[in-house]
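If you want the building blocks of each chain, they are given just below.
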Amino acid sequence: MRAHPAGPRHGEILAPPGAPSRPSSTTEALALDPTIWPLTAARSASGALTVGGLPVADIVAQYGTPVFVLDEADFVSRARGFRQAFQAAEPRADVYYAGKAFLTTTIARWLTAEQLAIDVCTGGELACALRAGVPGDNLLFHGNNKSVGEIERGVAAGVGIFVVDSFEEIDRVATAAAATGRVQRVLIRLTTGVEAHTHEFIATAHEDQKFGFSLASGMADAAVERVLSHPSLALHGLHSHIGSQIFDLAGFEVAAHRVAEYAAHLQKDFGVAVELLDLGGGMGIAYTTGDDPIGVDEMAEQLRAIVSRVCAEEGLPVPRLAIEPGRAIVGPSAITVYEVGTVKDVDLGGGHWRRYVSVDGGMSDNIRTALYDADYTVTLANRSSDSDTVLSRIVGKHCESGDIVVRDCWLPADLQPGDLLAVAATGAYCRAMASQYNYVPRPGVIAVKDGSHSVILRRETEDDLFATDPGA
Ligand SMILES: *Cc1c(COP(=O)(O)O)cnc(C)c1O
């Protein structure tokens, strides 16, 4: 038998290409990068992680693991930051929070208090916003295949704007609006040929994807004609969404340019004044050190400048702007706290080892690593450590070898079962995409603020798992 693997063998654990470089000290490894961790995340005198003034270990003692801990101050300041930046650039600008990133009735109420509107894309998200008491006028309804039932419910609730995505849908919204005697405002979703992701974007003339009406093929003009043919519809403006986790303004700039030029074409050739240009969401956040998101103020100014310039060139009034950030508001606000169950050092041959740290959740509460190869930052949450660091892989408890939470990270070598690990920036697309895979109940979400906490989603129970099984 070999000696304890946390002993002399640290340096032999394989560091694959692209793995984060080894921190120079354990102190550095345990430091909380403020660009990644929630606003109020800190370490107490004993080295334990606190958020909102509360040790996460206290939350765990009360609610168990895994658990999402959401920093209310962080969420509210990001929501407010978007609204203020865009309204500073253009006083009538609207910020629609993309509900798909993470939506509960509490989140919807916080947003409404901060004067943000909400973008929903299914009947369920619509129901959540309505149950929270969000006025219909503060809602925008997305989705490429809204059912007739969803459309009717949206129209009945007085949803301010439908973003239409197909010819069938244009007719369905028109029929639903006509039946209630309303004139429904709609935006036409354009595909601009710009596809952006992180640092790259591509700009082509056509798009091979399910969303929207393409500019290049004449499809957009046909959609405009179809909307104008219905007296129960009002063509309010245009929409474009170019991707997600975008760090580079250039893609937004090209898309804004194309949409503004199309607005000029609508004015000239259809006599339609575009009142609203919605440039979508996709603003990136820092998941790991070195990720460098675009500043909100800079983004607001630049987008407004592009739209103003194109409108001036075309002699058009500048339309109102809208954006739809989801991840950039809620992503950094929450962390996931897991308990370590096992620590296994696997011999890869050739003198290389890999440490597998198993936690009590995984792909059922965070599918993004398996789905998108996403990167995360993780830290020891219940204590400090002065032991050396070791390259580790955080894996879940599901029956899939792809069930990885954090592919490569440096954690103290004395990590042991019972320790708590916190993964940063899990507010967006984690709880929202959670499943009950392997009959693992979905975690709760606990909001923290100024030393107190509240449950905004409770953990599922075993009874919740069987609620839909008539034989259970
Ligand atoms: C997903 C999506 C958003 C939000 O994207 P984020 O990356 O969370 O900002 C906004 N608008 C539309 C149409 C979307 O599909």
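Conventions adopted
Residues numbered from 1 in each chain as written. Predicted model: local features only at pLDDT ≥ 70, side-chain atom pairs only at ≥ 80, totals over all residues. Heavy atoms only, no water. 1 Å grid on protein atoms, 1.4 Å probe; cavity = no way out; pocket = protein on both sides within 12 Å on 5 of 7 lines; lining within 4 Å. Points joined across faces, edges and corners; volume = space filled by probe spheres on them. Nonpolar A, V, L, I, M, F, W, Y, C, P; charged D, E, K, R; others polar. Pairing = 2+ DSSP bridges. Helix = DSSP H or I, 4+ residues; strand = E, 2+ residues; numbered from the N terminus. Axes fitted to C-alpha atoms, helices over the stretch in contact; angles between N-to-C directions. Contact = heavy atoms within 4.5 Å. Near = heavy atom within 4 Å. Polar contact = N/O pair within 3.5 Å; in protein donor to acceptor, adjacent residues only side chain to side chain. Areas by Shrake-Rupley, 256 points an atom, 1.4 Å probe, with all protein chains shown as cover. Buried < 20%, exposed > 50% of the residue type's maximum accessible area, 1.4 Å probe, protein only. Arc of directions from axis to C-beta. Domains from an automatic or database assignment. Buried area = accessible area lost by both parts, 1.4 Å probe. Salt bridge = Lys/Arg side-chain N within 4 Å of Asp/Glu carboxyl O. Core = buried A, V, L, I, M, F, W, Y, C linked by side-chain atoms within 4.5 Å.

A. Inspection of empty space enclosed by the protein at higher detail. Applying the stated criterion across every chain yields a total of one cavity of 30 Å³ or more. Quantified by volume, the largest cavity comes out at close to 40 Å³. Grouping the amino acids of the lining of the largest cavity by side-chain chemistry returns five nonpolar, two polar and one charged.

B. Summary view of the sheet that holds strand β11 (residues 200–203). Ordered by their spatial adjacency, three strands build an open sheet running β11-β10-β14, and the pairing between neighbours is mixed. Two strands in the sheet have a free side with no partner beyond their single neighbour: β11 and β14 (243–246). Strand after strand, the sheet turns through a mean of 20 degrees between neighbouring axes, direction not considered. Against the sheet, helix α9 (residues 249–270) engages β10 (194–198), β11 and β14, with an angle of about 25 degrees to β11.

C. Up close: the site of the ligand. Taken together, 15 residues form the shell around the ligand, and within it Lys100, Gly282, Glu324, Arg327 and Tyr429 come nearest. Between the ligand and the protein, one listed contact pairs a nitrogen atom with a side-chain N or O atom of His241 at 3.4 Å. One of the backbone N or O atoms of Gly326 is found 3.0 Å from an oxygen atom in the ligand. Considering the ligand on its own, with 390 Å² of exposed area, one finds that the protein chains cover 92% of that surface. Classifying every residue of the shell around the ligand by side-chain character gives three nonpolar, seven polar and five charged.

D. Expanded view of the sheet that holds strand β3 (residues 54–55). The strand order across the open sheet formed by three strands is β1-β2-β3, and the pairing between neighbours is antiparallel. If you trace the sheet from one side to the other, it starts and ends with β1 (42–43) and β3, each paired once. Here strand β2 (residues 49–51) pairs with β3 via two bridges, running antiparallel. Among the inter-strand pairings, Thr50 is bridged to a residue of β3, identified as Pro55.

E. Summary view of the layout of surface pockets. Size it by volume and the second largest pocket reaches roughly 650 Å³. Along the walls of the second largest pocket sit 25 residues, with Pro20, Ser21, Thr288, Thr289 and Thr377 positioned nearest its centre. Of all elements in the fold, only α1 (26–30), β19 (378–380) and β21 (404–412) reach the threshold of two or more residues within the lining of the second largest pocket. No other element matches the five residues that β21 contributes to the lining of the second largest pocket. In terms of residue class, the lining of the second largest pocket is built from 13 nonpolar, six polar and six charged.

F. Examining helix α6 (residues 148–156) more closely. The complete set of buried residues in α6 reads Ile151, Gly154 and Val155. For α6, the angular spread of the buried residues around the axis is 95 degrees, confining them to a single face. Of the residues one or two after α6, Gly158 is the one with positive phi, at around 75 degrees.

G. Representation of unusual backbone geometry in the model. With an omega of -10 degrees, the peptide bond running from Thr65 to Pro66 counts as cis. Mapped onto the fold, Pro66 is located in the loop between α2 (56–63) and β4 (67–71). Phi angles above zero are rare outside glycine, and Gln115 is one such case at about 60 degrees. Note that Gln115 resides in the loop between α4 (105–113) and β6 (117–120). Its relative accessible area of 56% is what places Gln115 among the exposed residues. One non-glycine residue, Asn438, lies in the positive phi region at around 60 degrees. Along the chain, Asn438 turns up in the loop between β22 (420–423) and β23 (445–449).

H. The domain arrangement of the protein chain, seen in detail. Taken domain by domain, the protein chain comprises domain 1 (22–71 + 332–463) and domain 2 (142–325). Taken over C-alpha atoms, the centre of domain 1 sits 37 Å from the centre of domain 2. The interface of domain 1 with domain 2 comprises nine residues on the first partner and five residues on the second. Summed over the three residues of domain 1 that lose the most area to domain 2, namely Ile36, Asp375 and Ala425, the buried surface amounts to 42% of that side. Scanning the region where domain 1 abuts domain 2 turns up zero salt bridges. Summed over the shared surface of domain 1 and domain 2, the number is three residue pairs in polar contact (both at pLDDT 80 or more).

I. Spotlight on the side chain of Thr50. As for its placement among the helices and strands, Thr50 is situated in strand β2. Apart from residues lying up to four places away in sequence, Thr50 is in contact with Thr40, Ala41, Ala42, Ser44, Pro55 and Val56.

J. Summary view of the nonpolar core. Formed by 130 residues in total, the largest nonpolar core has its most connected members in Phe75, Tyr97, Ile107, Ile188, Leu238 and Ile394. Ranked by residue count, the leading element in this core is α9, at 10 residues. Setting aside its immediate chain neighbours within four residues, Ile188 contacts Val164, Phe213, Ala223, Val224, Val227, Leu235, Gly237, Leu238 and His239. Grouped together as the second largest cluster of nonpolar side chains are eight residues, Leu140, Leu187, Leu276 and Ala322 included.

K. Representation of the environment of Gly181. For Gly181, the position within the fold is in the loop between α7 (167–180) and β9 (184–191). Remark: the alpha-carbon pair of Gly181 and Val440, spanning 259 residues in sequence, is separated by 47 Å.

L. The environment of Met299, seen in detail. Tracing the sequence through the fold places Met299 in helix α10 (residues 296–314). Owing to a relative accessible area of 2%, Met299 belongs among the buried residues under this scheme. Spatially, the C-alpha atom of Met299 lies 29 Å from that of Thr336, the residues being 37 residues apart in sequence. Once you skip the residues sitting within four places of it in the chain, Met299 turns out to touch Phe86, Leu249, Phe252, Met283 and Ile294.

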